Amino acid sequence: MKTKAVHVITSIFICVLLNLFNISPSYSQVLPKQNLSQIIAKLNTQNDSLSIEKLYLQTDKPSYLAGDTLWFKAYLLNASFLTYSNKSGVLYLELSNDSNRLIQRIMVPVNHGMAYGYIGLGQDLMQGGYRLTGYTNWMRNFGERYLFKKHFYVSTDAGSEWLINYNAHLIKDSNKDKIEMGLKITQFDKAPVGLREMQLSVTDGRRTWFKDKVETSLDGALTLGFDLPEKTSTKNISLDVQDLRKSQGSRKISIPVILNRPEKVDLQFMPEGGKLVAGQQTNIAFKALNEDGYGAAVSGKIYNNKQQEITSFTTTHAGIGIFNLLPENTETYTARIQLPDGKYQTYQLPSVESSGITLNVNNRFKSDSCDIALTPTSDLIAADQTYYLIGMARNVVCWGAFVKFSKGQLKFTINKQVFPSGIVRLILVNENKIGLNERMFYNDHDDQLNIQLESDKSDYQQRDSISLNVKVTDNNGKPIQGSFSLAVTDNGQVKKDSIAEHSIVSYMLLTSDLKGNVEDPGYYDDAATHLEKWQHLNHLLMAQGWPGYDWGAVFKPAKPFVYPSEEEFLIKGKVTNAFNKPVAKSPITLFSKKPLLVLESITDDNGNFTFKGIAPIDTPAYFISAKSKRGKSFNVGIEMDEFKAPVFLPVTNSIVPWFVNIDTSTYLTVNNRVALKKEQLRVTGGNLLKEVVINAKKVIKDSKNLNGPGGADVIIDEEQLKKAGRTTLGDLLSKNVKGFGVRPDKTGQLHYRVHSMFVHLVIDGVNTEFFILPETPIYQYLKDIFDYYDAEEIKGIEVMVSGRYQMRYTSAYLKPMDIPWDHAFIEVTTRGGKGPFMKKSTGTYLYKPMPFITPKEFYSPKYAAGSITDMSDIRSTIYWAPNIITDKDGKATIGFYAADNPGTYTVLIEGADLQGHLGVRRKQIIVKKCQDCPAPLIAP
């Protein structure tokens, strides 16, 4: 460490402990040392109590088709040490669209920080942008930015898509913004969609403020113009184009309208260390964003309040740049950029402070040390105060120093070896523990895992057996045991961009610790070996890395956590009496049919109960019953601890559909996928059918109807139910089902019937009679349910009374001696999908938690030598292996078979040793067309 004799700087190293020293004999270091030790102890104790988790998900592909399966591997690590997290045993995954509508939510069991599974992307999934969000319950305590999010696009049948080329221009007309657009619409084969009547509408997601009918020209072109309402955010503007031909079934596509008006560029300035101080030379980072949220290339000049030019600036990468300024006291500074129309746009720089300290870091390229400069103003030198400089990495204090200024600027060098790889945060605080300055820099020890991928051949042919040998070592060549996941995809169908995509290394060590979106995170993967990228990485951390630590919260009393950690899946609830008071010592029984499970427990003094040790299953349903101390169930109710779903902020940057302003590379990828599909159909005898629009009968979404969609005699759909308001289920059936009512049998007992048939009620695929108690009359039991549910809680009702629809239900729910045609079945689909649940049912509860996704094996066909390449196998994901474990020698072997589609395959393997080190490796495999293989038989 270097310092001038007139300065005092004493250091404590936490990661590497060094002796304290004091250069100034007149200065007692006892009190500052104690204060610094207290600060460090407080910070590290708080970090230990937080046990922050980081989650990374590797998926098999960056984009998908409707009907695909999304395969994933989850790495849940302790944020400080990158070892596996033992805090959580349950992971939540949510799939939502760009309108922030939830599509699917699942749970995944976590074992030693690892989890893997799949999400089915249904054939009915609409084309557009989707977001996969992963989190644990514990992660929710720290805010949304701690969660893992992956934004991707889902396409439909590409061969039938239109290609849209458009441009949009903003015109100022009488102080109004007017947008003029030109479009050209072609078929996928580039044939123009000419002389078509189209319905055009422009919306901002909440309201439609332009609509018109137009006809395309002979070459498929059309133009439109519309006024842009004042104060309208352009982030969510979309143009909907609908083909009005009846044969097209109201074909409709949505195009995000990206304007990126130059005068709306968001330009922000971030002084190094956080402050502009008079008389102190300062580096100032800046970031310019277009309206679409991505970086804008800008250049301009800095002026003082006398309109004198001081310096100039220009972006260097992704809208980010840096310049140097010597601010003067009482001076104000503005930035000015010239717009295309010759006008200027001005932006205010942060105000200049007359008193303060600047913090400058020179993070040398390919060096084990970095230079630090702390520069105080003269009044702070005279004040003779003590300051504390804290060096943190991954929320752990690795270095600390107490500092006193004597005669000006203090310069010293920090050995970067005391910090782990990743972002290092330097924070300067005063004696009152108030943060003054903060600066991030990146530390790269080149100590990540070295993953070698060796194939058994230089190239392969279609349906060849492919063997990959994996060897993992540390940077010293020592074999590493770890957990890895591997995806092999066909470049001809899957467009991968290593620059635009995250890896486990870039996410865990860089982007997860920064605020805001980081464009092209893969660009920085090799920054440690490229000087320009190293400089750009430094600019990124200055622009998006301050401030990041809440000092006010550190030294305040800790607040209790809202969301407890979940080490395992638990079923929890509370038993109450008719007066909503807890029932202590109440016997509780949990029963499950699949798998067969019976558990017993007893409530505590507060009426609470918990069931543990329950193995996760994909469609869980548990029947829970409670009794009072006297063994009665009619006077008690069960309240379950249901999962309270989080509400996330909507997506701010829409993904432009692949068919809009398509580039050559993307078109070739999609065209290859379409050609493969056509060849598959040709060889296997399939026929490419013209699109046919079928007016289908009513279908209840998410129905568990045993007959399949629409398989009922009477269907009451969602549209009818919306008009019914709070009408009860019983009244809905009376009004819509002919013959429905209450009738006595020969003994005088009442029964619900349809005509003469006994009614059986099924809710969300669950037979309600499964839960009826022996002492409860069937009529009263059903009446309670019919009176409990209303139209607002129901998505659809299906009634089966004829033989064609009764048969599946009679075989599933009736006894062999029952007469089938004496029974009618009513299938009710609720919005909650939880089955026959009533909040205060008498001592019983059907608990249906969200489904667990348990691992299943990726299907990979095995071919015999000389197998015919008949184009039946055109997988885009060639292979997926989520659970590769290297042995004591750091080795593993993976085997799979090539598909029928020749070309280049990309192999991507990622993983961790769970001891703090991460690794990623890519490799290309060449698959050639088989020259000697027997030709397939072409179906007639």
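Keep in mind the model is a prediction, meaning the values are calculated, not measured.

Here is what the cut-offs are and how they apply
Residues numbered from 1 in each chain as written. Predicted model: local features only at pLDDT ≥ 70, side-chain atom pairs only at ≥ 80, totals over all residues. Heavy atoms only, no water. Helix = DSSP H or I, 4+ residues; strand = E, 2+ residues; numbered from the N terminus. Rg over C-alpha atoms; globule rule 2.2 N^0.38 Å. Buried < 20%, exposed > 50% of the residue type's maximum accessible area, 1.4 Å probe, protein only. Contact = heavy atoms within 4.5 Å. Areas by Shrake-Rupley, 256 points an atom, 1.4 Å probe, with all protein chains shown as cover. Lys, Arg positive; Asp, Glu negative; His and termini not counted. Charge placed at Lys NZ, Arg CZ, Asp CG, Glu CD. Core = buried A, V, L, I, M, F, W, Y, C linked by side-chain atoms within 4.5 Å. Expected span 1.5 Å × (residues − 1). Salt bridge = Lys/Arg side-chain N within 4 Å of Asp/Glu carboxyl O. pLDDT = per-residue confidence, 0-100. Polar contact = N/O pair within 3.5 Å; in protein donor to acceptor, adjacent residues only side chain to side chain. Arc of directions from axis to C-beta. Phe/Tyr/Trp six-rings, centres within 6.5 Å; stacked < 30°, edge-to-face > 60°. Lys NZ or Arg CZ within 6 Å of the ring centre and 35° of its normal. Pairing = 2+ DSSP bridges. Axes fitted to C-alpha atoms, helices over the stretch in contact; angles between N-to-C directions.

A. Up close: the overall build of the protein. Summing up its helical and strand segments, the protein has ten helices and 54 strands in all. Taken over C-alpha atoms, the radius of gyration comes to 33 Å for the protein, in line with the 30 Å a tight globule of 940 residues would show. Out of the 940 residues in the protein, the part that is buried amounts to 50%. Considering only residue pairs separated by 6 or more positions, the protein has 68% of its internal contacts joining residues 24 or more positions apart. Here the protein has roughly 44,900 Å² of accessible surface; of this, 50% comes from carbon and sulfur atoms. Each charge sign in the protein was given a centre, from 108 positive and 98 negative side chains, and these centres are 3 Å apart.

B. Geometry of the nonpolar core. Judged by nonpolar contacts, the single largest core of 82 residues is most densely connected at L93, I119, L510, I571, I624 and L918. Dropping the residues within four chain positions of it, L93 is found in contact with L57, F72, Q104, R105, I106, V108, I119, L132, T133 and G134. By size, the runner-up hydrophobic cluster in this structure holds 36 residues, among which are M181, F210, F226 and I253.

C. Broad picture of helix α4 (residues 531-544). Under the 1.5 Å per step criterion, the end-to-end length of α4 is 20 Å for 14 residues, consistent within 8% with the ideal 20 Å. In terms of residue burial, α4 counts as a mostly covered element, since ten of its 14 residues are buried. Among all positions of α4, only K533, W534, H536, L537, H539, L540, L541, M542, A543 and Q544 are buried. In this fold, the buried residues of α4 make contact with β17 (266-271), β19 (282-289), β22 (320-325), β26 (357-363), β31 (422-429) and β32 (435-443).

D. Representation of the pattern of salt bridges. For the coordinates displayed, the defined rule picks out 28 salt bridges. With a shortest N-O distance of 3.3 Å, R196 and D243 are connected by a salt bridge. Of the two residues, R196 is situated in the loop between β11 (176-187) and β12 (197-203) and D243 in strand β15 (residues 238-243); the sequence distance between them amounts to 47 residues. On the basis of relative accessibility, which here comes to 14%, the residue R196 falls in the buried class. Between K495 and D663 there is a salt bridge, with the nearest N and O atoms lying 3.5 Å from each other. Of this pair, K495 sits in the loop between β36 (483-490) and α3 (504-509) while D663 sits in the loop between β42 (636-640) and α6 (664-684), and the two are 168 residues apart along the sequence.

E. Quick look at the confidence of the model for the protein. Here the protein averages 87 in pLDDT, and 92% of its residues register 70 or above. Mean pLDDT in the protein bottoms out at strand β1 (residues 8-13), which sits at 44, and peaks at strand β2 (residues 53-59), which reaches 98. Scored below 50 in pLDDT, residues 1-28 shows 73 contacts in the model against residues more than four places distant or in partner chains. pLDDT under 50 marks residues 687-696. Its contacts with residues more than four places away, or in other chains, come to seven contacts.

F. Spatial organisation of the side chain of E53. Positionally, E53 belongs in strand β2. Among buried charged residues, E53 stands out as having no salt bridge; its nearest opposite-charge side chain is K87, 7.7 Å away. In terms of polar contacts, E53 uses its side chain to reach the side chain of S85, at 2.7 Å. Those residues in contact with E53 that lie beyond four places of it in its chain are L76, L77, A79, S85, K87, S88, T136, W138 and M139.

G. Highlighting helix α8 (residues 729-736). Along α8, the residues classified as buried are L729, G730, L732 and L733. For α8, the angular spread of the buried residues around the axis is 160°, confining them to a single face.

H. Representation of the packing of aromatic side chains within the structure. Applying the stated criterion across every chain yields a total of 42 aromatic pairs. Judged by centre distance (6.2 Å) and plane angle (55°), the rings of F365 and W534 are tilted. On the criterion of sequence distance, the pair formed by F365 in the loop between β26 and β27 (369-376) and W534 in helix α4 is long-range, its members being 169 residues apart. For W534, a relative accessible area of 7% puts it in the buried group. With a centroid separation of 5.7 Å and an interplanar angle of 20°, the aromatic rings of F740 and Y752 are classed as stacked. In this pair, F740 is assigned in strand β44 (residues 740-744) and Y752 in strand β45 (residues 750-754), connecting sequence segments twelve residues apart. Y752 sits in the buried class, given a relative accessible area of 10%. Among the aromatic residues, ring-to-ring pairing joins W71, Y118, F858, Y879 and F896 into one connected group. A cation over a ring is seen here: R336 above Y344, with NZ or CZ 5.8 Å from the ring centre. Here the guanidinium or amino end of R463 rests over the ring plane of Y863, the centre of that ring lying 4.1 Å away.

I. Quick peek at the pairing of β15. The buried count for β15 comes to five of six residues, which makes it a mostly enclosed element. Across six bridges, the pairing between β12 and β15 is antiparallel. Bridge pairing in β15 places L200 opposite V241. Pairing geometry for β15 and strand β16 (residues 252-256), over five bridges, is antiparallel. In the sheet register, Q242 faces β16, and the bridge partner there is K252.

J. Examining unusual backbone geometry more closely. Although it is not a glycine, L82 adopts a positive phi angle of roughly 55°. Within the secondary structure layout, L82 lies in the loop between β4 (69-78) and β5 (90-97). Of note, K585 is a non-glycine position whose phi angle comes to about 55°, a positive value. Positionally, K585 belongs in the loop between β37 (571-577) and β38 (587-592).

K. Main features of the sheet that holds strand β39 (residues 597-602). The antiparallel open sheet is built from four strands, whose spatial order is β39-β38-β41-β50. If you trace the sheet from one side to the other, it starts and ends with β39 and β50 (844-847), each paired once. Mean inter-strand twist for the sheet, computed between neighbouring axes without regard to direction, equals 20°. Here strand β41 (residues 622-626) pairs with β50 via four bridges, running antiparallel.

L. Focus on the sheet that holds β4. Read across the open sheet, the three strands follow the order β2-β4-β7; overall the sheet is antiparallel. Sheet topology places β2 and β7 (114-120) at the edges, where each strand pairs with a single neighbour. In this sheet, adjacent strand axes meet at a mean angle of 25° when their direction is disregarded. The pairing of β2 with β4 spans seven bridges and is classified as antiparallel. Bridging across to β4, Q58 finds its partner in K73.

M. Highlighting the environment of S872. Note on placement: S872 falls in the loop between β50 and β51 (877-885). Owing to a relative accessible area of 38%, S872 belongs among the partly exposed residues under this scheme. When the C-alpha positions of S872 and L410 are compared, they lie 71 Å apart, and in sequence the two are 462 residues distant. Of the polar contacts made by the side chain of S872, one reaches the side chain of R463; its length is 3.3 Å.

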